[in-house]
Amino acid sequence: MRTVDYSDRDHYKTQAFPTPFHERTAALNQQHCWGRWKDYITANSYYDTATEYFAARNACSVFELTPMTKHGISGPDSLAFMNRLVTRDMAKLKPGRVGYSVWCNDEGRVIDDGTIFHLQEGVYRLCSQEPQIDWLMTSSIGFDVRIVDETHDIAGLAFQGPTSCAALKRMGLAGIENLTPFGIQTFDFAGTRLTVSRTGYTGDLGYELWIDPEYALELWDRLFEAGKLHGIRAIGSAALEILRIEAGFILAGVDFLPAHQAVRPDRTRSPFELGLGWLVHFDKPYFTGRQALAREKEAGSRYVFARLDIEGNKPAHQSFIFDKNKRFAGTVTSATWSPSAKANIALASLEAPHGEPGEELLAEIYYQRELKWSRVMAPCRVVEGVSWDPPRKRQTPPADF
Amino acid sequence: MTKRAVVIGAGHNGLTCAAYLAKAGHEVTVLEAGTEVGGAAATHEFAPGFKVSTSAHLLYLLDAEIIRELELEEHGLALAAENLDTVALDTGGRHLLISGDHINAEAVSREDREAMVRYRKRMLRFAKVIAGLHDQVPPRLASGERSDAWSLARLAWAIRRLGRKEMREFLRIAGINIYDILEEQFDNELLKGALSLDGVLGTHLGPRSNNSVFAALHRMSGAINGKPGALALPRGGMGAVSSALAQAAKSLGVSIIFDARVGQIDVSEGRAIGIILATGETMPADAVVSNADPRTTFLDLLGARHLDAGLTRKVSQVRQDGNAAKLHLALDGLPEFPGLERERLGHRLVIAPDLDYVERAFNSSKYGEHSAEPVMEITLPTIHDASLAPEGKHVLSAVVQYAPRHLNAGWETAKAGFEERCMNTLQRYAPNLREQVTASELLTPADFEARFGNAGGHWHHAELALDRFLMLRPTAGTAQYATPLDGLFLCGAGCHPGGGVMGHAGRNAARVISGGASE
């Protein structure tokens, strides 16, 4: 079952469609706080953002993923195709594993980032923020591959938090505790196949659940039944935003401009400029942007991606960053107060050579107190590592709650 | 430093490039898949004793400097005829004889005759701007290199020095269609039809297509023995030009290997290190130089997996589908075109009775059909060169358009029908021609592709148009003869300055390879 039917000639009259979980999410959405995510209506917040956030960090949380763009790639040349598409070495991604990567245009600028599921030998699923079908088709010239947009064929839930494994076990997913980070496992579920990957966008123990949309409500109900004693809660995108900044994950369109959306090519970023140099493997077959990236590696990058720890508690939303001499050094792309790290954190794009860990900088923060705007030049420091990185993220089997 | 260079394809540009590379002291091997040199610049026997230029039959762009520097005349290049006039054929026998800027026919008004003088003068002046670019390695737009800036400045100056009024006119017409500018200047339909042919021959363009003025200027941008815009017939057909180039190359130390089909370009660590023959044999090289068309070079010989996806898309979208066919007739005597004196039969005869006729002929090709009433450029080379046919016999060589590469019906089924259409058209101008035909041959773009390996069968490898010229030919990023892959170079008609038997692409490429501009 497809959740959105574009063969219906009147489909255009609907701008955003309900998701396969809508019946359940609507019942829980006390605020009626909805937003649009690509072709769908999804919850920004159900109760209040803080409650939802703490569910994810201290119990378990359910975030709906159906609108995430999903592309299926198969065919005799699928490995060669994937290797030419993305910067990391796909030959190392074994079946049953998930890999995070970026892919670039000819100029070595990031088009988007996403997760690649190696579902079975030679069959891949690429999940990304932005629809990539055009670029995938372009990249397929000269390769024997089949590419489909399967966004509407798969319903998805992100189930994250320290008690998530225990809840899944209770739901009947035998052996789920043995799934290692970035692993994929499938289960028989209510007469269909449930795919579970140990992946997520919260930087914590967590899973993503993928199922035929027809079984979406059944999955939801069984999950919430099993999770009742594990503190399960539905969460919206507002809570997820705090979670992902704590985890240090970048977001397309926020922390970088997807290259295909750029009118001004110099506004785009290379993987090196997003702190993702570790994803660029030069010792593998040619990939799009390789030559440009090799040149950049030689000549140096223009920008440096940095994580900042800022004094005070006022989030540095969209702040300018200055060096100690008050010279412009860059801008903040994402900022939040981190409830778990008890820190005022931000992700920033700094002009090279700024951004060395330990560098002292200033964030120009505008804030409002009782309708009065003020400005503070808050000292901040470039930090190494992310604000939220608990050992349980990697632990297998996870602790049983 | 002496380099080992392997040139893929013994087309005229490949030979030219090889000769210049050898001249610069490099060690050069040319690998030819077939058994003859020249690629499409060839002469072949299409019926026992009857020989003809396989594709292009007129010579007008081959550079005098190349002839001199490679001593082509010493190596056998000779012209059977030069300064050919154009005869615009009329079914009623009221043909026009166009000799340079002069029209010898009472059917044309004094105004048209005066307009012709102005038209020819202006077109030749503008063609000179294009001619000035032929021997240049196209500049890159944002490289910051002084040589690129200098090239661009030279181009700007060449246009500016036309003078304010002429510069404006050049910029006005260079990108537009020849239909409009001929309508602006002439009344006589037959004259306009014949002149429009210069803008569409060998291309996928009709007179109303943009770029047809540019194609006409490109065609007029050569010179034969110092005479700009002149047309000549090489003695022995176009293959003789290639033979002379091959002789010149050999005398400079180039070795040419036949029956050597290249299967792929050998790549190691992001560099072309040689070629692998279809037989599996490898041949190492410091420079691999491809005379093949861009699509074949990048997508077949190299392969998309060695290229960026964006560039692959650009290459795959270069317009390479040919639209011109070639008709060859063996005649047991000199044909008669009523109203045309015998001594004029040796000129270039064209069937393009009016602008709309040409445009209609083109229309069908847009939708995968050949023209019902084709346009033609006809020569009778045997009048000037008896070596091409048995004594007393003649050859009629005609470029016939339009014959799109991809025909809805498929060429296998439609070929005979198209040849019949061509014969019907010819019969209207030469009623007794059919009885004189002892053998015939029609070569379609599909045949050219099969014979010469140029994907699409286009005469110029890639469409000749402003968006595929200079730094955009064949694509931005591959227009300087070097490619993104170190060690791989292009030297074919798909590069600047394009197709037609001219040799510049090969010569410019040799300069880049020798100069190490890409290293």
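Residues numbered from 1 in each chain as written. Chains lettered and ligands numbered in written order. Predicted model: local features only at pLDDT ≥ 70, side-chain atom pairs only at ≥ 80, totals over all residues.

Peer 1: For this particular structure, what's the right way to read the overall build of chain B?
Peer 2: A tally of helices and strands in chain B yields 16 helices and 22 strands. Relative to a compact globule of 519 residues, whose C-alpha radius of gyration would be 24 Å, chain B shows 22 Å and is just as compact. Its C-alpha atoms give chain B principal-axis dimensions of about 65 × 55 × 45 Å. Burial analysis of chain B (519 residues in total) assigns 56% to the buried set. Contacts in chain B between residues far apart in sequence, at least 24 positions, make up 73% of those at least 6 positions apart. (Helix = DSSP H or I, 4+ residues; strand = E, 2+ residues; numbered from the N terminus. Rg over C-alpha atoms; globule rule 2.2 N^0.38 Å. Buried ≥ 20, exposed ≤ 12 C-beta atoms within 10 Å, placed from the backbone. Contact = placed C-beta atoms within 7 Å.)

Peer 1: Help me understand the environment of A:Thr396, please; the structure alone is not making it clear to me.
Peer 2: Residue and element names in this part refer to chain A. Inspection of the secondary structure assignment puts threonine 396 in the segment after β20 (372–383). Residue threonine 396 is classed as partly exposed on the basis of its 14 C-beta neighbours within 10 Å. With residues near it in sequence (within four places) discarded, threonine 396 still touches Asn178 and Thr180.

Peer 1: Whenever I open this one, the sheet that holds strand β16 (residues 320–322) of chain A confuses me. Can you help?
Peer 2: The pairing of strands in a sheet comes from backbone hydrogen bonds and takes either a parallel or an antiparallel form. All names here are of chain A. With antiparallel pairing, six strands are arranged side by side around a closed barrel as β15-β18-β17-β16-β19-β20. The sheet shows a mean angle of 40° between the axes of neighbouring strands, taken without regard to direction. Contacts from helix α7 (residues 237–247) reach β17 (328–338) and β18 (343–351) within the one sheet, and its direction differs from that of β17 by about 120°. (Pairing = 2+ DSSP bridges. Axes fitted to C-alpha atoms, helices over the stretch in contact; angles between N-to-C directions.)

Peer 1: Sorry, what's going on with the packing of helix α3 (residues 110–131) of chain B against helix α8 (residues 212–219) of chain B here?
Peer 2: All names here are of chain B. It is the contact of α3 with α8, at a shortest axis distance of 8 Å, that shows an interaxial angle of 80°. By the angle class used here, α3 and α8 are roughly perpendicular. Across the interface between the two elements, Met123, Phe126, Ala127 and Ile130 of α3 pack against Ala216, Leu217 and His218 of α8. Broken down by class, the residue content of the contact of α3 with α8 amounts to six nonpolar, one polar and no charged. (Parallel < 35°, antiparallel > 145°, perpendicular 65-115°, else oblique. Nonpolar A, V, L, I, M, F, W, Y, C, P; charged D, E, K, R; others polar.)

Peer 1: For this particular structure, what's the right way to read the sheet that holds strand β14 (residues 232–234) of chain A?
Peer 2: Residue and element names in this part refer to chain A. What the six strands build is an open sheet, ordered β11-β12-β13-β10-β4-β14; its pairing is mixed. With partners counted over all chains shown, the strands left at the sheet margins are β11 (184–189) and β14, one partner each. Mean inter-strand twist for the sheet, computed between neighbouring axes without regard to direction, equals 25°. Across three bridges, the pairing between strand β12 (residues 192–197) and strand β13 (residues 206–211) is antiparallel. Considered in β13, the bridge of valine 196 is made with leucine 209. Across the face of the sheet, helix α5 (residues 164–171) comes into contact with β4 (60–64), β10 (155–160), β13 and β14 while running at roughly 40° to β13.

Peer 1: Got a minute to help me understand the domain arrangement of chain A in this structure?
Peer 2: Often the size quoted for an interface is simply the accessible area lost on bringing the parts together. Residue and element names in this part refer to chain A. In terms of domain boundaries, chain A breaks down into domain 1 (11–65 + 154–235), domain 2 (67–150 + 250–299) and domain 3 (302–387). Contacts between the two partners involve 14 residues from domain 1, matched on the other side by twelve residues from domain 2. Classifying every residue of the side of domain 1 that touches domain 2 gives six nonpolar, six polar and two charged. (Domains from an automatic or database assignment.)

Peer 1: What am I meant to see in the nonpolar core here?
Peer 2: One broad trend across soluble globular proteins is that nonpolar side chains are buried collectively. The biggest cluster of nonpolar side chains holds 268 residues, and the ones touching the most others in it are A:Ala363, B:Ala18, B:Val288, B:Val289, B:Phe489 and B:Ala509. The element contributing the most residues to this core is helix α9 (residues 238–251) of chain B, with eight residues. Not counting the four nearest positions on each side in its chain, B:Ala18 is found in contact with B:Val7, B:Val28, B:Val30, B:Ala249 and B:Val254. (Core = buried A, V, L, I, M, F, W, Y, C linked by C-beta atoms within 7 Å.)

Peer 1: I would appreciate a short explanation of α5(A) in the present structure.
Peer 2: Residues and elements named next belong to chain A. Of all eight residues in α5, six are buried; the element is thus mostly enclosed. Inspection of α5 places Ser164, Cys165, Ala166, Ala167, Leu168 and Met171 among the buried residues, and these make up the whole buried set. On its buried face, α5 sits against β4, β10, β13, α6 (216–227) and β14. Once α5 finishes, glycine 172 follows within two positions and takes phi at roughly 110°, a positive value.

Peer 1: What is the right way to look at the interface of chain B and chain A in this model?
Peer 2: The partner chain A presents 14 residues to the 14 residues of chain B that form the contact. For the side of chain B that touches chain A, the leading source of residues is helix α11 (residues 309–316) of chain B, giving six residues.

Peer 1: Teacher, can you tell me more about the domain arrangement of chain B here?
Peer 2: All names here are of chain B. The domain boundaries assigned to chain B delineate domain 1 (4–43 + 63–78 + 235–319 + 456–515), domain 2 (109–187 + 198–230) and domain 3 (324–403 + 406–443). Opposite the four residues of domain 1 that make contact, domain 3 presents five residues. For the side of domain 1 that touches domain 3, the per-class residue count stands at one nonpolar, two polar and one charged.

Peer 1: Would you mind showing me how to read the pairing of strand β5 (residues 69–74) of chain A here?
Peer 2: Consecutive side chains along a regular strand alternate between the two faces of the sheet. Direction of pairing for β5(A) relative to strand β8 (residues 123–128) of chain A: antiparallel, over a ladder of five bridges. Residue pairing across strands places A:Lys70 opposite A:Cys127, the latter belonging to β8(A).

Peer 1: Help me out: how do you make sense of the environment of B:Trp157 in this one?
Peer 2: Looking at where B:Trp157 falls in the secondary structure, it is placed in helix α4 (residues 146–160). With 257 residues separating them along the chain, B:Trp157 and B:Ala414 place their C-alpha atoms 50 Å apart.

Peer 1: Even after reading the chapter, I still don't get the environment of B:Asp90, so can you show me in this structure?
Peer 2: All names here are of chain B. Residue position: aspartate 90 is located in the loop between β6 (86–88) and β7 (96–99). Take aspartate 90: there are 22 C-beta atoms within 10 Å of it, and that puts it in the buried class. Sequence-distant contacts of aspartate 90, defined by excluding residues within four places in its chain, comprise His95, Leu190 and Pro353.

Peer 1: Would you mind showing me how to read the packing of helix α1 (residues 12–23) of chain B against α9(B) here?
Peer 2: Between two packed helices, the angle of one axis relative to the other and the distance separating the axes together describe the packing. All names here are of chain B. At a minimum axis separation of 9 Å, α1 and α9 run at an interaxial angle of 20°. Relative to α9, the element α1 is oriented roughly parallel. Crossing angle aside, the handedness with which α1 passes α9 is left-handed. Contacts between α1 and α9 involve His12, Leu15, Thr16, Ala18, Ala19 and Ala22 from the former and Val241, Ser242, Leu245, Ala246, Ala248 and Ala249 from the latter. (Left-handed = near helix turned anticlockwise from the far one by under 90°.)

Peer 1: Can you help me understand helix α13 (residues 411–429) of chain B in this one?
Peer 2: Note on helix geometry: an α-helix contains 3.6 residues per turn, so any two residues three or four positions apart are oriented the same way. Residues and elements named next belong to chain B. Compared with the 27 Å implied by 1.5 Å per residue over 19 residues, the 26 Å span of α13 between its first and last C-alpha is a close match. Among all positions of α13, only Lys415, Phe418, Cys422, Thr425, Leu426 and Tyr429 are buried. Buried residues of α13, seen end-on, are gathered within an arc of 95° and therefore sit on one face of the element. Exposed residues pointing more than 90 degrees away from the buried face of α13 are listed as Thr413, Ala416, Gly417, Glu420 and Gln427. Where α13 is buried, its residues meet β17 (324–331), β18 (348–351), β19 (375–379), β20 (394–401), α14 (433–436) and β21 (437–443). (Expected span 1.5 Å × (residues − 1). Arc of directions from axis to C-beta.)

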